[in-house]
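Overview (structure and organization)
Each chain, letter by letter, is given below.
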Amino acid sequence: MGQPVREYLLTLCVTAAVTYLLTGPVRKFAIAAGAMPEIRARDVHREPTPRLGGIAMFGGLCAGLLVASHLTNLKSVFENSNEPRALLSGAALIWILGVLDDKWGVDALVKLGGQMIAAGVMVLQGLTILWIPIPGVGTVSLTPMQGTLLTVALVVITINAVNFVDGLDGLASGMVCIAAAAFFMYAYRMWFGYGIEAAAPATLFSVVLMGMCLGFLPHNMHPARIFMGDSGSMLIGLVMAAGAVSVTGQVDPDLLNLKAGGLREATHAMVPVYIPLLLPLTVIAVPVADLILAIVRRTWKGQSPFAADRGHLHHRLLEIGHSHSRAVLIMYFWSALIAFGAVAYSANNASMWIVLGIVLLSAVGLVLLLLPRFTPRAPLWAEWMVPPRYRRVAPATATAATAPATDDESAVEPEQEREPVPAGIHGATAIGDRSRFVGRRKADSHR
């Protein structure tokens, strides 16, 4: 069992290295090509930042699959299954669509149609849901039409869930990396724990997905030097959905019962098969919840479900008072808690310690969410030892803050009077709170 682990590690490292090395040249290409859209009202970053990071991630995907196809143990995945080629075909289509959207912009309905076509291409090559295990009913075989519709729906939901959550530096790539790590543990247990070869493609997909995200993260962490754009977010969403479809619809539950060796053992063994019915909902539950809330919120207001706004979960964390980095880490925490909690429960669903641990960590997560509401203030004698945000406001500072503005210190323009910031040549995200307003104070001011 050690040798396959080493091959998975090699595939992971190659994918991450290729993605990391390609991201720098891709950033320069994006700047030269003008793939730097104007700042929108809902954006968090302050300066135009290049997109097209999905080009580097697609290069990492191809490199990872190419290396895996020549390894001793992993090449059997390509020999015994057509799923890797189906994934590559669908990924290429969704990647091209994302690149076009990052550069010129594509209508939402056109993107939705492209996502369905990419999912349909994978279905035509065999990557589809054949049956689903339903608790209390058993295994239900699906007709080709039912399997196609369910597969397309799962792929489209996952792609848009990842796309919706891509709103802060490093958020989407980090959350998907966490989900892929949890999914790898689940699929690897299905493959080597129960000896089910049908779970091998999903294990490979999750490793490649981890490498794509890990290689891109150093360039995308706050302050981000490049964004993955739709070419990256839709790509990693499709890879995640492909793994879920593979392990859910291709693994025969009857074969799992046979491997488990008994009705009682089979009942416990079926738990990890039931859980993927909601995959990737259980693995990336946070972005899916954000997707559902966004659709309900926009529909309730009479807007299009694809209309952009500042009501996403990460926007609300910033409004509460969290910093950019802390908001991202909190989203990481909840993603890891739900994903690894689901995997741990599938491995040992009879243990109360797992349930108690999940409940305790959930309480910790709630405290972290409400932390800005209970920000402590250090005593006067200890203010020099703590960050500025924990210090008491000095009287002079408070007086200056409440003093009326002079003619030369007029207030900035309201939110509705902002004008878009044109794309520049640098493409780096500002670290500080730079003003995006047109009416800035002149450099020769007395201040």
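Some remarks on the overall build of the chain
Each helix and strand in the chain was counted, giving 17 helices and two strands. Counted over contacts in the chain with a minimum sequence separation of 6, partners at least 24 positions apart contribute 76%. When the accessible surface of the chain is split by element, carbon and sulfur atoms take 66% of a total near 21700 Å².

Here's the deal with the environment of threonine 203
Within the fold, threonine 203 resides in helix α8 (residues 200-220). The sequence separation of threonine 203 and tyrosine 8 amounts to 195 residues, and the corresponding C-alpha distance is 8.9 Å. Beyond its immediate stretch of four places on either side in the chain, threonine 203 contacts Tyr8, Phe184, Ala187, Tyr188 and Trp191.

Re the packing of aromatic side chains
One pass over the full model with this rule turns up seven aromatic pairs. Ring geometry for phenylalanine 58 against tryptophan 95: centres 4.5 Å apart, planes inclined by 10°, an arrangement best described as stacked. Of this pair, phenylalanine 58 sits in helix α2 (residues 54-68) while tryptophan 95 sits in helix α4 (residues 83-103); the two residues are 37 residues apart in sequence, bridging distant segments of the chain. Ring geometry for phenylalanine 183 and tyrosine 186: centres 5.9 Å apart, planes at 40°, overall tilted. Remark: tyrosine 186 and phenylalanine 183 occur in helix α7 (residues 171-194); sequence separation between them is three residues, near one turn of the helix. Residue tyrosine 186 is classed as buried on the basis of its relative accessible area of 7%.

Here we look at the packing of α2 against α4
With their axes 11 Å apart at the nearest point, α2 and α4 run at an angle of 170° to one another. One element, α2, and the other, α4, form an angle in the roughly antiparallel class. Taking contact as the criterion, the partners of Gly54, Ile55, Phe58, Leu61, Cys62 and Leu65 in α2 are, on α4, Pro84, Leu88, Ala91, Ala92, Trp95 and Val99. A per-class count over the contact of α2 with α4 returns 11 nonpolar, one polar and no charged.

Remarks on the environment of tryptophan 104
Tracing the backbone shows tryptophan 104 in the loop between α4 and α5 (108-124). Judged by its relative accessible area of 64%, tryptophan 104 is exposed. Sequence separation of tryptophan 104 and alanine 35 is 69 residues, and the distance between their C-alpha atoms is 8.0 Å.

Digging into a nonpolar patch on the surface
Residues Tyr345, Met352, Trp353, Val355, Leu356 and Val359 make up a contiguous nonpolar surface patch of about 660 Å² in total accessible area. Per-element tally for the nonpolar patch: the top contributor is helix α16 (residues 352-369), with five residues. Tracing the sequence through the fold places tyrosine 345 in helix α15 (residues 324-347). Overall, tyrosine 345 belongs to the partly exposed group, its relative accessible area being 34%.

Topic: the pattern of salt bridges
Counted by the stated rule, this structure contains two salt bridges. In this structure, the salt-bridge partner of lysine 111 is aspartate 101, at a minimum N-O distance of 3.5 Å. With a gap of 10 residues between them, lysine 111 in helix α5 and aspartate 101 in helix α4 connect regions that are remote in the sequence. Between lysine 111 and aspartate 230 there is a salt bridge whose closest N-O contact spans 2.8 Å.

Some words on the nonpolar core
Among the nonpolar cores identified, the biggest contains 90 residues, and Leu61, Ile94, Leu204, Leu209, Leu235, Ile236 and Leu238 are the most heavily contacted of them. The dominant element in this core, judged by the number of residues it contributes, is α7, at 17 residues. When neighbours within four sequence positions are excluded, isoleucine 94 is seen to be in contact with Gly114, Gln115, Ala118, Ile159, Met234, Leu235 and Leu238.

A closer look at the packing of α2 against α8
For any two helices packed against each other, the geometry comes down to the angle between their axes and how far apart the axes lie. Two elements in contact, α2 and α8, have axes separated by 9 Å at closest approach and are oriented at 140°. The orientation of α2 with respect to α8, classified from their angle, is oblique. Here the hand of the crossing between α2 and α8 comes out right-handed. Along the contact surface, α2 presents Met57, Leu61, Gly64, Leu65 and Ala68, while α8 presents Leu204, Val208, Met212 and Phe216. Partitioned by chemical class, the residues of the contact of α2 with α8 number eight nonpolar, one polar and no charged.

What to know about α5
A rise of 1.5 Å per residue sets the reference length of α5, with its 17 residues, at 24 Å; its end C-alpha atoms lie 24 Å apart and thus fit the reference within 8%. Where α5 begins, the side chain of aspartate 107 points an oxygen toward the backbone nitrogen of leucine 109, at a separation of 3.1 Å.

Details of the side chain of asparagine 160
As for its placement among the helices and strands, asparagine 160 is situated in helix α6 (residues 144-165). Asparagine 160 gets classed as buried once you look at its relative accessible area, which sits at 10%. At a separation of 2.9 Å, a polar atom in the side chain of asparagine 160 contacts the side chain of glutamine 115.

Regarding the environment of isoleucine 157
Considering the arrangement of structural elements, one finds isoleucine 157 in helix α6. In this structure, the C-alpha to C-alpha distance between isoleucine 157 and leucine 291, residues 134 residues apart in sequence, is 8.6 Å.

Considerations on unusual backbone geometry
Of note, the amide linkage connecting histidine 222 to proline 223 takes the cis form, showing an omega dihedral of -5°. The topology assignment puts proline 223 in the loop between α8 and α9 (229-249). Phi at leucine 52 is positive, roughly 65°, even though this residue is not glycine. Mapped onto the fold, leucine 52 is located in the loop between α1 (2-33) and α2. The exposure class of leucine 52 is buried, given its relative accessible area of 3%.

As for the confidence of the model for the chain
Regions with low pLDDT carry predicted coordinates that are not meant to be interpreted in detail. Of all residues in the chain, 66% attain a pLDDT of 70 or more, and the chain-wide mean is 76. The weakest mean pLDDT in the chain belongs to helix α17 (residues 395-402) at 44; the strongest belongs to α2 at 96. Per-residue pLDDT stays below 50 along residues 395-447; that stretch engages in 60 contacts with residues further than four places along the chain or on separate chains.

How each quantity is defined
- Residues numbered from 1 in each chain as written.
- Predicted model: local features only at pLDDT ≥ 70, side-chain atom pairs only at ≥ 80, totals over all residues.
- Heavy atoms only, no water.
- Helix = DSSP H or I, 4+ residues; strand = E, 2+ residues; numbered from the N terminus.
- Contact = heavy atoms within 4.5 Å.
- Areas by Shrake-Rupley, 256 points an atom, 1.4 Å probe, with all protein chains shown as cover.
- Phe/Tyr/Trp six-rings, centres within 6.5 Å; stacked < 30°, edge-to-face > 60°.
- Buried < 20%, exposed > 50% of the residue type's maximum accessible area, 1.4 Å probe, protein only.
- Axes fitted to C-alpha atoms, helices over the stretch in contact; angles between N-to-C directions.
- Parallel < 35°, antiparallel > 145°, perpendicular 65-115°, else oblique.
- Nonpolar A, V, L, I, M, F, W, Y, C, P; charged D, E, K, R; others polar.
- Patch = residues over 30% accessible without salt bridge, like charges linked within 9 Å, V, L, I, M, F, W, Y side chains within 5 Å.
- Salt bridge = Lys/Arg side-chain N within 4 Å of Asp/Glu carboxyl O.
- Core = buried A, V, L, I, M, F, W, Y, C linked by side-chain atoms within 4.5 Å.
- Left-handed = near helix turned anticlockwise from the far one by under 90°.
- Expected span 1.5 Å × (residues − 1).
- Polar contact = N/O pair within 3.5 Å; in protein donor to acceptor, adjacent residues only side chain to side chain.
- pLDDT = per-residue confidence, 0-100.

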